[in-house]
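Residues per chain, in single letters:
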Protein chains: 2
Amino acid sequence: MPEGDTHERLICRECGFVHYENPKIVVGSVIAVGHQVLLCRRAIHPRKGYWTLPAGYLELNESAGDGALREAWEEARARIALDGLLAVYSIPRISQVQLIYRARLAEPGFAAGPESEEVALFDWTSIPWQDLAFPSVHWALGHFAETRGQEVFTPRSNPVDVAGAERGPAPRL
Amino acid sequence: MPEGDTHERLICRECGFVHYENPKIVVGSVIAVGHQVLLCRRAIHPRKGYWTLPAGYLELNESAGDGALREAWEEARARIALDGLLAVYSIPRISQVQLIYRARLAEPGFAAGPESEEVALFDWTSIPWQDLAFPSVHWALGHFAETRGQEVFTPRSNPVDVAGAERGPAPRL
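Quick summary incoming for the structure in this document. Counting restarts for each chain, with residues numbered from 1 along the sequence as it is written. Note on labels: chains are lettered from A, ligands numbered from 1, in written order. With the structure being a predicted model, the display of local features is reserved for residues of pLDDT at least 70 and the display and counting of side-chain atom pairs for 80 or more, all residues being used for whole-chain, interface and lining totals.

Some remarks on the overall build of chain A
1) Next: Here a helix means four or more residues in a row that DSSP labels H or I, a strand means two or more in a row labelled E, and each is numbered from the N terminus. Of the regular secondary structure elements, chain A holds two helices and nine strands.
2) Next: Across its three principal axes, chain A shows a C-alpha extent of roughly 60 × 40 × 30 Å.
3) Next: The proportion of buried residues among the 173 residues of chain A is 36%.
4) Next: Any pair of residues counts as being in contact when their C-beta atoms, constructed from backbone geometry, are within 7 Å of one another. By sequence separation, contacts in chain A at least 24 residues apart represent 65% of the contacts at least 6 residues apart. Residues are called buried when their C-beta atom has 20 or more other C-beta atoms within 10 Å, exposed when it has 12 or fewer, and partly exposed otherwise; all C-beta atoms are positioned from the backbone.

Set out below in structure tokens:
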């Protein structure tokens, strides 16, 4: 543990270099097109074949919002405009913080990028709830529905049950 | 550049290991005590001797909110409760995303932690505007004043001028 620090770190025995490991930031968006939402079917592991939001790791020297725009392009060939921060999810088990925005298409059109097998629009009732890639996709869609039509709202965070444990919300049909 | 990637990465020529470098997450809070706010005078570089919010790097396996609570304890020996997300600032130049919460004391009392020379409460007009450590401290205090008394509000992001460049807001006296 370096002097004045509160956590153990990986330190080089030769030169004393401290290798800090840090949580990762995921940026993504729920893209509304009319009354539908856009989802991507993953062409890559993990969770290949399952449906997800356009989202991915923020890059160095990139703002959070720019990262969400880039991911929408890379995964769904969609040019989007952000309508505000929908949610901040923390997934401590995998050291991840996710910033999910509400968005819409800035230009018509979308298509599968290299990491997607398929990109499609879904009505609320046709969302493939059983085939979503990650719990946070479930959360974000629920929070999107909850805040739909609200101009000003408090961004959501992880759903918690009374014991404080993380859980996915039930689908809102 | 690894296959299917969009950015150049550091790759080991021997074993092909890809070293991804990622932006860092800073978590912190504007702590209101009555009509005053709590600030810490930095005992460490950079910006030693200047005033800042209790804030620091999120640790592995830590939620964003828990990180803000930990930083308030480490830097200001304050036990706080979070009242919602005040702002998300992106500082792409230094690959940083800051999540700043509104908070209040959950228990009375505070004191300088090891990284602070001094911790004090300030009326709005007595805030040491010329001696704030970082532009984002300035931004967060301005956004705190702007949203004070609002239960529901949209979290703020970096102030931008018409050209899109980052700037600090003028102090709101």
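Now that the structure has been shown, the text picks up again.
Remarks on the relation of the copies chain A and chain B
1) Next: By a simple turn and slide, chain A fits onto chain B: the slide is 0.0 Å along the axis, the RMSD is 0.0 Å, and the turn is 180°. The two molecules are tied by a two-fold rotation axis, judged by turn and shift.
2) Next: The share of interface residues of chain A whose copies in chain B are also at the interface is 100%, consistent with both copies meeting through the same surface. A residue counts toward the fit only if its pLDDT is at least 70 in both copies, and the copies are then superposed by least squares on the C-alpha atoms of those residues.

Things to note about the pairing of strand β3 (residues 24-33) of chain A
Two faces belong to every sheet, and in a regular strand the side chains alternate between them.
Residues and elements named next belong to chain A.
1) Next: With seven of 10 residues buried, β3 lies mostly within the body of the structure.
2) Next: Pairing geometry for β3 and strand β8 (residues 96-105), over nine bridges, is parallel. Within the sheet, the bridge partner assigned to Ile31 lies in β8 and is Ala103.
3) Next: For two strands to be treated as a pair, DSSP must find at least two bridges joining them. Where β3 lies against strand β6 (residues 55-57), three bridges are found, and the strand directions are antiparallel. What sits directly across from Val26, in β6, is Tyr57.
4) Next: Both β3 and strand β4 (residues 36-42) contribute to a ladder of two bridges, which runs antiparallel. Bridging from a neighbouring strand, Val33 pairs with Gln36 of β4.
5) Next: From the end of β3 to the start of β4, which pair antiparallel, there are two residues, and Gly34 there has a positive phi angle of about 60°.

Focus on the pairing of β4(A)
1) Next: Inspection of the sheet shows β4(A) paired to strand β9 (residues 116-122) of chain A by six bridges, in the antiparallel sense. Within the sheet, the bridge partner assigned to A:Leu38 lies in β9(A) and is A:Leu121.

Description of the interface of chain A and chain B
1) Next: Contacts between the two partners involve 31 residues from chain A and, on the opposite side, 32 residues from chain B.
2) Next: With four residues, the single largest contributor to the side of chain A that touches chain B is strand β7 (residues 80-91) of chain A.
3) Next: The residue inventory of the side of chain A that touches chain B, partitioned by class, reads 15 nonpolar, 10 polar and six charged. Only Asp, Glu, Lys and Arg are considered charged, only Ala, Val, Leu, Ile, Met, Phe, Trp, Tyr, Cys and Pro nonpolar, and every remaining residue, Gly among them, polar.

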